[in-house]
Amino acid sequence: MCLAIPAEVTELLPEQMARVSVDGVGKLVSVALLDDLSVGDYVVLHVGFALTRIDPDEARRTLALLGQLGAEVVA
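Keep in mind it's a predicted model, so treat the numbers as computed, not measured. (Residues numbered from 1 in each chain as written. Predicted model: local features only at pLDDT ≥ 70, side-chain atom pairs only at ≥ 80, totals over all residues. Heavy atoms only, no water.)

Colleague: How should the environment of valine 20 be read in this particular structure?
Modeller: By the secondary structure assignment, valine 20 is in strand β2 (residues 17-22). For valine 20, a relative accessible area of 1% gives the class buried. Between the C-alpha atoms of valine 20 and aspartate 41, which are 21 residues apart in sequence, the distance is 9.5 Å. Excluding residues that lie within four positions of it along the chain, valine 20 makes contacts with Ala7, Glu8, Val9, Thr10, Val25, Gly26, Lys27, Val29 and Leu45. (Helix = DSSP H or I, 4+ residues; strand = E, 2+ residues; numbered from the N terminus. Buried < 20%, exposed > 50% of the residue type's maximum accessible area, 1.4 Å probe, protein only. Contact = heavy atoms within 4.5 Å.)

Colleague: Help me understand the pattern of salt bridges, please; the structure alone is not making it clear to me.
Modeller: Think of it this way: side chains of opposite charge can pair up when their charged atoms draw near. Applying the stated rule across the entire model yields four salt bridges. The partner of arginine 53 in a salt bridge is aspartate 41, and the shortest N-O contact between them spans 3.4 Å. Taken together, the positions of arginine 53 in strand β5 (residues 49-54) and aspartate 41 in the loop between β3 (25-30) and β4 (42-46) put the pair twelve residues apart, joining distant regions of the chain. Judged by relative accessible area, which is 37%, arginine 53 ranks as partly exposed. Between glutamate 58 and arginine 61 there is a salt bridge, and its shortest N-O distance comes to 2.7 Å. Here the residue glutamate 58 and the residue arginine 61 both occupy positions in helix α1 (residues 56-74), the gap between them amounting to three residues, near one helical turn. Judged by relative accessible area, arginine 61 falls into the partly exposed class, the value being 48%. (Salt bridge = Lys/Arg side-chain N within 4 Å of Asp/Glu carboxyl O.)

Here you go:
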């Protein structure tokens, strides 16, 4: 099973890398598969690679749903 999650690009780095934020948690990822990426874009992230851009509203809704799922598992 694969899980890809939305992440916001917070910093573009050399060598096709970027820092992203997943619900406030920072991570370094490869953006080699994407062109013309900008800080503030949302991407779908899977095993350290940004696969595609995603609409910011859709990204926020998906992160909210994932947060609800996590809260239900803990409860």
